[in-house]
Amino acid sequence: MNGKQRMALQSKQWLVDALVTLMQRGEAVTDISITEIVQTADLSRKTFYRAFKTKDDLIDYLCRQLTDNYFESLKQATRGQTPISFETTMQHFFTFWWQQKDLVRLLIRQGLFDRLNGVWQHDAVDKYRQFPAPWHAAGTDREVNYIMAFALGGFTNVLRLWLAQDHPESPEQVQKVALAGFGQLAQNIGRAN
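Sequence order sets the numbering: in each chain, residues are counted from 1 along the sequence as written. Thresholds applied to this predicted model are a pLDDT of at least 70 for local features of residues and 80 or more for the giving and counting of side-chain atom pairs; totals over whole chains, interfaces and linings are not thresholded and use all residues. Each side-chain value is derived from all of the structure's non-hydrogen atoms; neither hydrogens nor water enter the calculation.

Thoughts on the overall build of the protein
Then, in step 1: Secondary structure follows DSSP: runs of H or I at least 4 residues long count as helices, runs of E at least 2 residues long count as strands, and numbering of each begins at the N terminus. Regarding its fold elements, the protein presents 9 helices and 0 strands.
Then, in step 2: Counted from the first residue to the last, the protein has its helices and strands arranged as α-α-α-α-α-α-α-α-α.
Then, in step 3: With respect to the principal axes defined by its C-alpha atoms, the protein has extents near 60 × 40 × 30 Å.
Then, in step 4: Partly exposed residues are those whose accessible area sits between 20% and 50% of the maximum for their type, while under 20% is buried and over 50% is exposed, using a 1.4 Å probe and protein chains only. Here the protein holds 193 residues, and the buried ones make up 37% of them.
Then, in step 5: What makes two residues a contact is simply this: any of their non-hydrogen atoms within 4.5 Å. Long-range contacts, defined as pairs at least 24 residues apart, comprise 65% of the intrachain contacts of the protein with a sequence gap of at least 6.
Then, in step 6: When the accessible area of the protein is evaluated, it comes to approximately 11400 Å², of which 52% is carbon and sulfur surface. In short, Shrake-Rupley with a 1.4 Å probe defines the accessible areas, and a residue's cover is counted only from the protein chains shown.

As for the UniProt feature "DNA-binding region" (unreviewed entry) in the protein
Then, in step 1: UniProt positions are given in the numbering used here, feature names are shortened, and annotations may be inferred rather than shown by experiment. Residues annotated by UniProt as "DNA-binding region" (unreviewed entry) correspond here to residues 33-52.
Then, in step 2: Its end C-alpha atoms 14 Å apart, residues 33-52 is made of 75% helix and 0% strand.

With respect to the domain arrangement of the protein
Then, in step 1: Start and end points for every domain follow an automatic or database-based domain assignment. Taken domain by domain, the protein comprises domain 1 (1-53) and domain 2 (54-190).
Then, in step 2: Centre-to-centre separation of domain 1 and domain 2, based on C-alpha positions: 27 Å.
Then, in step 3: Tallying the contact residues gives 19 residues for domain 1 and 12 residues for domain 2.
Then, in step 4: Buried area, as used here, totals the accessible surface that two parts lose on assembly, with accessibility defined by a 1.4 Å probe and the loss added over both. Per-residue buried area on domain 1 facing domain 2 is highest for Met23, Val29 and Phe52; these three make up 35% of the total on that side.
Then, in step 5: The working definition used for a salt bridge is a side-chain nitrogen of Lys or Arg within 4 Å of a carboxyl oxygen of Asp or Glu. Applying the counting rule to domain 1 against domain 2 returns 0 salt bridges.
Then, in step 6: Contributions of two or more residues to the side of domain 1 that touches domain 2 are made by helix H1 (3-24) and helix H2 (34-41).
Then, in step 7: Counting residues per element, the side of domain 1 that touches domain 2 draws most heavily on H1, at 9 residues.
Then, in step 8: For the side of domain 1 that touches domain 2, the class distribution of residues is 13 nonpolar, 3 polar and 3 charged. Amino acids outside the nonpolar list (Ala, Val, Leu, Ile, Met, Phe, Trp, Tyr, Cys, Pro) and the charged list (Asp, Glu, Lys, Arg) are all regarded as polar, and Gly is one of them.

Considerations on the pattern of salt bridges
Then, in step 1: Taken as a whole and judged by the stated rule, the model has 5 salt bridges.
Then, in step 2: In this structure, glutamate 72 engages lysine 75 in a salt bridge whose closest nitrogen and oxygen atoms are separated by 3.3 Å. Taken together, the residues glutamate 72 and lysine 75, both in helix H4 (residues 55-78) and 3 residues apart, mark about one turn of the helix.
Then, in step 3: When its relative accessible area of 39% is taken as the criterion, glutamate 72 is described as partly exposed.

Some remarks on the confidence of the model for the protein
Then, in step 1: Confidence of the predictor at the level of single residues is captured by pLDDT, which takes values from 0 to 100. When pLDDT is averaged along the protein, the result is 90, and 97% of the positions lie at 70 or above.
Then, in step 2: Per-element confidence in the protein ranges from a low mean pLDDT of 84 for helix H9 (residues 171-192) to a high of 98 for H2.

Quick look at the environment of valine 104
Then, in step 1: Here valine 104 shows up in helix H6 (residues 101-109).
Then, in step 2: In this structure valine 104 comes out as buried when scored by relative accessible area, which is 0%.
Then, in step 3: Between the C-alpha atoms of valine 104 and glycine 153, which are 49 residues apart in sequence, the distance is 16 Å.
Then, in step 4: The residues contacting valine 104, other than those within four sequence positions of it, are Trp97, Phe113 and Leu163.

Next up, the structure:
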């Protein structure tokens, strides 16, 4: 990566940080203007429009950063583990998002959590295929997309319910509850066949 590319990435990060700062100050994301964002980032509008077409593109970039960071941290946490267990994956899921809870709670308050989920779902099949685990279902991209929509919907709805609380449980507590629920679901599906 050359200096110009590094500067472009740094500018994008400053714009993301500015947006988050403005939302943390209590401004509704719908009321935040591009002018406010660039002023807070101490950048020009021209720089903004080189990086993003719209404020929505900036929000999607923030969401993609979060999901990419989650996936990279999951790969690091499970490197060398064969096979990768479902329980280990869940433990990492809850631990990672607990560490990001302030930002997730901000997205929930701002009505942006569904954006995060949408960005995650958009990239889910590619990420799913890069992360082989014995409990992953096989199939065409379309079939895997349905499976991921089901699984991701469950996980992200638990994440939203958990972190939207004033006093959320610890990651270990919510993982225990989720594992018990998934176990019951799996048993009942097995009985239905």
